[in-house]
Amino acid sequence: MRETPKAVSPKSPSIIKQALTVNRKPFPWGKAFCAGLAASLPVFIGLLFANLEYGLIAGMGGFTYLYVFNIPFAQRAKKLFFVVLGMTLVSALGTLAAPYPLAVAILMGIIGAATIFIFGALKIIGPSAIFFVLVFAMTSGMPVHPELVLLRAGLVFLGGALSWVVAMIGWFSDPHGPETGVVKKVYSELASFLESVGTEKFNETRHKVMSDLKEAEETLAVGYIPWRNTDIFNRLVILNDHANTIFLYVLENFSKTNVKLPPELGVFIREIAHSLDLKNKNESVAKKILLPEKMDEAVLELFKKISDADAIMNEPTSKINQVIQISKPSLMSIFLGAFDKNSIVFINAVRFGIITTIANIIAYQFEFTRPFWIPLSCVAVMSGSTIVATYHRAIQRAFGTILGILMASLILMTHPTGLIIAVLILLLTFMTELFIVKNYGLAALFFTPNALLMAESTSHGSFTFTYFASARLIDIIIGIFIGLIGVFFIGRQSASSRLPHLITKTIRSQAQLLFILFSDQGTGYNARKSREIIKMRTNLNNLKTLYNTAAGEIPVNQKALEYYWPVIFSLEHLGYLLDNCSKNEYRPIFSDETLSQLLYVCETMAIAANRKQSPTIKNVPEMEGLSSIQNEIITLQKSLQIDGSVTF
């Protein structure tokens, strides 16, 4: 049995060096142009109707496009629709609360906390709270006219609706592009996995395939539209299910071997992955593959399973157009799982709201000229997922903002009007979205003058270069400082201290699921919708998020993290195997003695994990046909053993 790989961390560069590192990701030219178009088009339309101010207010709704990512269009449509509603709501609240500084402070904290919680619980990628807080801050900083609430909110809604249209244009040319991409990634990693059998890379590639399979399953689930079931989508779902079948077959039959599989099998699967990009494919990949003349029975069966995947690609629509089963948790179960005192998502949301409110109160108490720039900078800094990421954000924002303020000051000194403002918004938004993938500091260089241009143009302020530059710089530095202090004192060690408790909960939830899967629960019982499987998934999700957050703490206990990594690695794999067993209606029923021994083993591990002790190695009973689960429980027992060098 191969040992689970340890989390080895080379000596990390300094925080400053990490913060200033420029990523090598390619520039997103198309997305950047569409983002600029979405932000500036409302301003151009406002100019067309001779009302620049209305256009600028509607342009705030254009921030909706910044929440566009490569996700299924069905999910994108729903996500952006609720972003538009959120932007509309916060603009209305900002207008109504403007006369009451304390109300502005409290509402900004609530808006930030609620957004952080929702995005964290639903695992929505994107800028999270920053633009909701920005729109709220900008509307609360406008001339105080509560009676204009419907007008301002309506304009923001129209600008957001225009962004929604721009974001959905790609659906006409490639409606299932994101879903195809994740399934292709699964088959590419599956090929690497087959090539790693019998090598030291087996566990590493096994983990990658498992993660990609789960990502693909989640992507296909959110991309499913019951009333629009297409041939392409059905094929992708069945292909992903079949990739899962191949993966489990390899785990059951080749996980202990030291002999490599024929390389042609990996080539076969890579060709299937490549063919997913081809339009109107009708030629079988199997005809291009020359297999070895001699193969043992297990390898031959694997080849047949891979051939079945190739056949799925070429089945006629009449055969492929079957009813597919899509399983996804309810929103209620997701939010309830995240709404827990030990959930790092909930903890981060509360922390975020408290610090934002405090920053806002300080800003208004000392009567700064534009007080909302202080909490806004605080929010931008705290948007980092960990304390280390927060420090990175602070450094990046400091460098980017200083240069951005100078750029904004020079722009505003020229008193731009009309068409020039619209063009500047287009260019600055374009540059922001272009460089955000490279480094947040580079994006801040363009985002800062863009936000200042929109805010000052709608607030009718007058200023000198020196006053404006110094005032904004002081505001932003104070906001950064408050954010860093709050995160350091409230968030320090909050994640790592909760790891033992959540590992214990996860082991016990897996034991409960194991019991209901392999005991007689009566006819008609659906394990896929059971409370036990939902609880296990929730605990695993919370545990992975907690570990990632703990890895970014200051100071970080590297020895403890290296100890916990194989434990979480094993728990995640065991969860994956149990989850797959729940799909099988013809699962074996174990004897009372076998179930009792399995529960005893799990409870021994749970108690030891909670006490930060090594569990006694117990005998794991034979699980006929499910050796991968048996082996993973044995591995988990070994992973929980603590050596003398680990201190908690």
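Provided above is the structure to which this section pertains.
Residues numbered from 1 in each chain as written. Predicted model: local features only at pLDDT ≥ 70, side-chain atom pairs only at ≥ 80, totals over all residues. Heavy atoms only, no water.

**What about the overall build of the protein chain?**
Filter applied, for reference: A run of DSSP states H or I qualifies as a helix once it reaches four residues; a run of E qualifies as a strand once it reaches two. Both are numbered from the N-terminal end. Classification of residues uses two cut-offs on accessible area relative to the type maximum, computed with a 1.4 Å probe and protein chains only: under 20% is buried, over 50% is exposed, and between them is partly exposed. Whether two residues are in contact is decided by their heavy atoms, any of which lying within 4.5 Å being enough. Only the protein chains shown count as covering a residue, and every accessible area follows the Shrake-Rupley method with a 1.4 Å probe.
A tally of helices and strands in the protein chain yields 25 helices and 0 strands. Within the span of the protein chain, comprising 648 residues, buried residues form 52% of the whole. Within the protein chain, residue pairs in contact and separated by at least 24 positions form 81% of the contacts whose partners lie at least 6 positions apart. Carbon and sulfur atoms provide 62% of the accessible area of the protein chain, an area that totals close to 29500 Å².

**Topic: the packing of aromatic side chains**
Inclusion rule: Note on ring pairs: Phe, Tyr and Trp rings are taken, using the six-membered ring of Trp, and paired if centres are within 6.5 Å. Classes follow the plane angle, with under 30 degrees stacked, over 60 edge-to-face and the rest tilted.
With the rule as written, the count across this model stands at 25 aromatic pairs. Ring geometry for F193 and F202: centres 5.2 Å apart, planes at 35°, overall tilted. Given the relative accessible area of 0%, F193 is considered buried. Taking relative accessible area as the criterion, F202 reaches 2% and is therefore assigned buried.

**Section: the packing of helix α5 (residues 101–121) against helix α15 (residues 344–365)**
The line we're drawing: Geometry is summarised by axes, namely lines fitted to C-alpha atoms with helices restricted to the contacting stretch, and by angles between N-to-C directions that run from 0 to 180 degrees. Roughly parallel here means an angle under 35 degrees, roughly antiparallel means over 145, roughly perpendicular means 65 to 115, and every remaining angle is called oblique. With the far helix as reference, a near helix turned anticlockwise by less than a right angle produces a left-handed crossing, and one turned clockwise produces a right-handed crossing. Residues are grouped as follows: Ala, Val, Leu, Ile, Met, Phe, Trp, Tyr, Cys and Pro are nonpolar; Asp, Glu, Lys and Arg are charged; all remaining types, including Gly, are polar.
Where α5 meets α15, the closest approach of the two axes is 8 Å, and the angle between their N-to-C directions is 160°. As judged from the angle between their axes, α5 and α15 are roughly antiparallel. Crossing geometry of α5 relative to α15 is assigned as right-handed. A class-by-class count of the residues in the contact of α5 with α15 yields 16 nonpolar, 8 polar and no charged.

**As for the pattern of salt bridges**
As a reminder, the rule being used: Note on definitions: salt bridges are taken to be side-chain nitrogens of Lys or Arg within 4 Å of carboxyl oxygens of Asp or Glu.
If you walk through the whole model with that rule in mind, you get 15 salt bridges. Between E215 and K185 there is a salt bridge, and its shortest N-O distance comes to 3.6 Å. Within this pair, whereas E215 is found in helix α9 (residues 202–223), its partner K185 is found in helix α8 (residues 177–196), the two being separated by 30 residues in sequence. Residue classification places K185 among the partly exposed positions, given a relative accessible area of 40%. In this structure, E632 engages R206 in a salt bridge whose closest nitrogen and oxygen atoms are separated by 3.1 Å. Taken together, the residues span a long stretch of sequence, with E632 in helix α25 (residues 627–639) and R206 in helix α9 at a distance of 426 residues. Taken together, the shared-partner salt bridges in this structure form one network comprising E217, R528, R537, D579 and K583.

**Side note on a nonpolar patch on the surface**
Defined as follows: Each patch is built from salt-bridge-free residues with over 30% relative accessible area, joining like charges within 9 Å and nonpolar side chains (Val, Leu, Ile, Met, Phe, Trp, Tyr) within 5 Å.
A grouping of F81, F82, L85, F157, L158, W164, V165 and I169 is seen on the molecular surface, where their side chains present a nonpolar patch of about 750 Å² in accessible area. Among the elements of the structure, α4 (73–97) and α7 (149–167) are those that each provide at least two residues to the nonpolar patch. Examining the composition of the nonpolar patch, we find that 4 residues originate from one element, α7, more than from any other. Relative to the helices and strands, L158 resides in helix α7.

**Comments concerning the nonpolar core**
Filter applied, for reference: Here, nonpolar core refers to any group of buried Ala, Val, Leu, Ile, Met, Phe, Trp, Tyr and Cys residues whose side-chain atoms link them within 4.5 Å.
Among the nonpolar cores identified, the biggest contains 89 residues, and Y187, L302, F518 and I629 are the most heavily contacted of them. Excluding residues within four positions of it along the chain, I629 makes contact with F518, L574, L577, L578, C581 and M623. In this structure, V90, A137, A338 and I405 belong to the second largest nonpolar core, which totals 76 residues.

**Re unusual backbone geometry**
For residues other than glycine, phi is negative in most cases, and the peptide bonds are mostly trans. In this structure, K123 takes a positive phi of about 55° despite not being glycine. Within the secondary structure, K123 is located in the loop between α5 and α6 (130–140). With a relative accessible area of 44%, K123 lands in the partly exposed category.

**Digging into helix α23 (residues 558–581)**
Structurally, the α-helix is built with 3.6 residues per turn, so residues lying three or four positions apart point the same way. Stated precisely, the cut-off is as follows: By this rule, a helix spans an expected 1.5 Å times one less than how many residues it contains.
With 24 residues, α23 ought to run about 34 Å at 1.5 Å a step, and its terminal C-alpha atoms sit 35 Å apart, in line with that. Counting buried residues along α23, 20 of its 24 residues qualify, which places the element largely inside the surrounding structure.

**Regarding α7**
Selection rule: Think of it as the arc spanned by the lines of direction from the helix axis to the C-beta atoms.
Given a rise of 1.5 Å per residue, 19 residues ought to cover 27 Å, and the 27 Å separating the end C-alpha atoms of α7 matches this to within 8%. Listing the buried residues of α7 in full gives V149, R152, A153, L155, V156, G159, G160, S163, V166 and A167. Seen from one end, α7 has its buried residues packed into an arc of 160°, which puts them on one side. Opposite the packed face of α7, turned more than 90 degrees from it, sit the exposed residues L150 and L158. Where the residues of α7 are buried, they touch α2 (29–48), α3 (52–61), α4 and α6.

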